[in-house]
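# Close look at the chain arrangement
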Amino acid sequence: MVSPATRRQAASHLLSAGFSRVRSCHVVGLSVGASRHVPKERRPELRAKILELAMLYPRFGFRRVHAFLPGINLKAVHRIWKLEGLRLNRRKRRRLKVQREPQLPLTGPNQAWCMDFVHDRLENGRQVRILAALDCFTRECLVLKASAHFPGSAVQRELEWLFLVHGKPTRIVSDNGPEFRALTLPDGVDPAFIEPGKPWQNGYIESFNDKLRDELLNRETFACGAELQTSLDEHLDFYNNQRPHQSLRNLTPSRFKEGLTTNKKETESLTL
């Protein structure tokens, strides 16, 4: 079936081509009165709010924008999203069909961390490396550190600081780079190296790196390393405390982790 709005558009096209209104309405199957009807805009304040969020977060889709609008129907957001032409143009990558390796189930934070490097270039052409670490269960970003050179000793210092702040994980998932091979891990922390040429075995950090590049690194140019590090610190705070995560039921990593702590305390009090 063709909607009345589509019929009105077809009638308008025929009118602009020189046909009479009666003839145009007869061809498209619309009454003359309906062809003159101008539909009223529904919820203009919602449209303004969606446009404001789309300008603030230009790489967010309508589902993630909907997470910032509690109490609003998803279909209403999607309707306005389509009318305004806000659909994201993402380049589709050819994906290899591979057999996924079974992963160990995660039931709480600090069971597995994942680490990797992201490469970027400053405005003057110098290359920088960004160390990113993530908690695989809570999706909390633990560190975003940029440097022109990142030897194993620098990675070791960052890890030791993370151990003091967040505690020690059971294992750390990373690739076979020399910086990760040279790490000296304390007792109880096991290295989990992925197979060479199989980055999908470290999918959590690969997904995070893709979003980091799409939402920050590809959108801005940085004059110096200090400017880049400032933007990384702001993005880390935004990612952990404001950005909704769909795999966490649209909660932020900090809210999700806080809920785990609250439930654990309630369980302990009931047990006592």
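Only a predicted model underlies this, so the values are computations on that prediction, with no experimental measurement involved. (Residues numbered from 1 in each chain as written. Predicted model: local features only at pLDDT ≥ 70, side-chain atom pairs only at ≥ 80, totals over all residues. Heavy atoms only, no water.)

### A look at the packing of helix H1 (residues 4–16) against helix H2 (residues 21–28)
- Remark: H1 packs on H2, axes separated minimally by 9 Å, with the N-to-C direction vectors making an angle of 140 degrees. In terms of orientation, H1 and H2 fall into the oblique class. Where H1 crosses over H2, the two elements pack in a sense that is right-handed. Every residue of H2 that contacts H1 at Arg7, Ala10, Ala11, Leu14 and Leu15 is listed here: Arg21, Ser24, Val27 and Val28. (Axes fitted to C-alpha atoms, helices over the stretch in contact; angles between N-to-C directions. Helix = DSSP H or I, 4+ residues; strand = E, 2+ residues; numbered from the N terminus. Parallel < 35°, antiparallel > 145°, perpendicular 65-115°, else oblique. Left-handed = near helix turned anticlockwise from the far one by under 90°. Contact = heavy atoms within 4.5 Å.)

### Observations regarding the confidence of the model for the protein
- For the protein, the mean per-residue pLDDT works out to 86, and 90% of the residues sit at or above 70.
- Between the elements of the protein, mean pLDDT differs from a low of 69, seen in helix H11 (residues 253–271), to a high of 95, seen in strand S2 (residues 127–135).
- Overall, residues 267–272 carries pLDDT values under 50, and its contacts beyond four positions in sequence, including any with other chains, amount to 0 contacts. (pLDDT = per-residue confidence, 0-100.)

### Some details on the sheet that holds strand S4 (residues 171–174)
- Strand order in this open sheet of 5 strands is S3-S2-S1-S4-S5, and the pairing throughout is mixed. Of all strands in the sheet, those bounded by a partner on one side alone are strand S3 (141–147) and strand S5 (190–193). Recorded for the sheet is a direction-independent mean angle of 20 degrees between the axes of neighbouring strands.
- The strands that helix H9 (residues 203–217) touches are strand S1 (112–121), S2 and S3; relative to S1, the one it contacts most, it runs at about 35 degrees.
- Across the face of the sheet, helix H10 (residues 225–241) comes into contact with S2 and S3 while running at roughly 170 degrees to S3. (Pairing = 2+ DSSP bridges.)

### A closer look at H9
- Here H9 spans 20 Å end to end across 15 residues, near enough to the 21 Å set by a 1.5 Å rise per residue.
- Listed as buried for H9 are Ile205, Phe208, Asn209, Leu212, Asp214, Glu215, Leu216 and Leu217.
- Against the buried residues of H9 lie S1, S2, S3 and H10. (Expected span 1.5 Å × (residues − 1). Buried < 20%, exposed > 50% of the residue type's maximum accessible area, 1.4 Å probe, protein only.)

### A short note on the environment of Val2
- Of note, Val2 is situated in the segment before H1.
- A relative accessible area of 46% places Val2 in the partly exposed class.

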